[in-house]
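Here is how the chains run, residue by residue.
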Amino acid sequence: MSGDLPERAELDRLREQIAAVDDALVDLIARRLRLAARIGEIKEAIQLPVLDPAREAEVVRRAAAGARERGADPELVRAVLWQIIDHA
């Protein structure tokens, strides 16, 4: 069992790091939703359509390209962003 101690400690550290990343993701999603809500308010005030499918697609394409550059799955990023956009 003593051989398992370094791996167990690393496992615990990695899980703590994932929890910190999860917390950061939640913070960022909440921030993005607040920003999107404010944009919607401004669009209504200046009588622009709230929905802008072309802009949404541009945002998702940009994020997917960023995912590829960072070695992340662009399809996952697309799916997550579409979910967030749909929710906003």
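In this text, all values refer to a predicted model and were calculated from it rather than measured experimentally. Every chain's residues receive numbers from 1 upward, in the order its sequence appears when written. Per-residue local features are limited, in this predicted model, to residues with pLDDT of at least 70; the limit for side-chain atom pairs, both in listing and counting, is 80 or more; totals at the level of whole chains, interfaces and linings are taken over all residues. As a rule here, side-chain values cover all heavy atoms of the structure and leave hydrogens and water aside.

Undergrad: Tell me about the pattern of salt bridges, and name the residues and values.
TA: Salt bridge, as used here: a side-chain nitrogen of Lys or Arg that lies within 4 Å of a carboxyl oxygen of Asp or Glu. Across all of its chains, the model carries three salt bridges by this definition. For Arg38, the salt bridge goes to Glu41, with nearest N and O atoms at 3.0 Å. Residue Arg38 and its partner Glu41 are both found in helix α1 (residues 5-45); the two are separated by three residues, about one turn of the helix. The exposure class of Arg38 is partly exposed, given its relative accessible area of 47%. Helical segments are the DSSP runs of H or I of at least four residues, strand segments are the runs of E of at least two, and each set is numbered from the N terminus. Working definition: with a 1.4 Å probe on protein chains only, accessible area under 20% of the residue-type maximum means buried, over 50% means exposed, and in between means partly exposed.

Undergrad: Lay out the nonpolar core with the relevant residues and their values.
TA: What is meant by a nonpolar core is a set of buried Ala, Val, Leu, Ile, Met, Phe, Trp, Tyr and Cys residues, joined one to another through side-chain atoms within 4.5 Å. Core analysis: the largest hydrophobic core is formed by five residues, namely Val60, Ala63, Leu81, Ile84 and Ile85. Breaking this core down by element, the ones donating at least two residues are α2 (53-70) and α3 (74-87). Element by element, the count of residues in this core is highest for α3, at three residues.

Undergrad: Explain α3 residue by residue, including any values.
TA: Compared with an ideal rise of 1.5 Å per residue, which puts 14 residues at 20 Å, α3 spans 20 Å between its outermost C-alpha atoms and is within 8% of the ideal. Among all positions in α3, only Pro74, Leu81, Ile84 and Ile85 are buried. For α3, the arc enclosing every buried residue in end-on projection is 100°, short of the 170-degree limit, so these residues lie on one face. Facing away from the buried surface of α3 by more than 90 degrees, the exposed residues are Glu75, Leu76, Gln83, Asp86 and His87. Contact criterion: two residues are considered in contact whenever any of their non-hydrogen atoms come within 4.5 Å of each other. Taken together, the buried residues of α3 touch α1 and α2. Of the residues that open α3, the one with a side-chain oxygen 2.9 Å from the backbone nitrogen of Glu75 is Asp73. By this rule the span expected of a helix is its residue count minus one, scaled by 1.5 Å. By construction, the arc corresponds to the directions joining the helix axis to the C-beta atoms. The term polar contact refers here to a pair of N or O atoms within 3.5 Å; inside protein, the definition further demands a hydrogen-donor-capable atom paired with an acceptor-capable atom, and it admits residues adjacent in sequence only when both atoms are side-chain atoms.

Undergrad: Quick one: what's the story with a nonpolar patch on the surface, residue by residue and with numbers?
TA: Surface patches are defined over residues having more than 30% relative accessible area and no salt bridge, joining like charges when they lie within 9 Å and nonpolar side chains (Val, Leu, Ile, Met, Phe, Trp, Tyr) when within 5 Å. Areas reported as accessible are Shrake-Rupley estimates using a 1.4 Å probe. Residue values count occlusion only from the protein chains shown. On the surface, a cluster of nonpolar side chains totalling about 240 Å² of accessible area is made up of Val21, Leu25 and Ile29. Tracing the sequence through the fold places Ile29 in helix α1.

Undergrad: Lay out the side chain of Lys43 with the relevant residues and their values.
TA: Structurally, the position occupied by Lys43 is in helix α1. In this tally, Lys and Arg are treated as positive and Asp and Glu as negative; His is ignored, and so are the chain termini. Notably, Lys43 is buried but unbridged: the nearest opposite-charge side chain belongs to Asp52, and the N-O separation is 4.5 Å. Within the structure, the side chain of Lys43 is placed 3.1 Å from the backbone oxygen of Val50, a separation counted as a polar contact.

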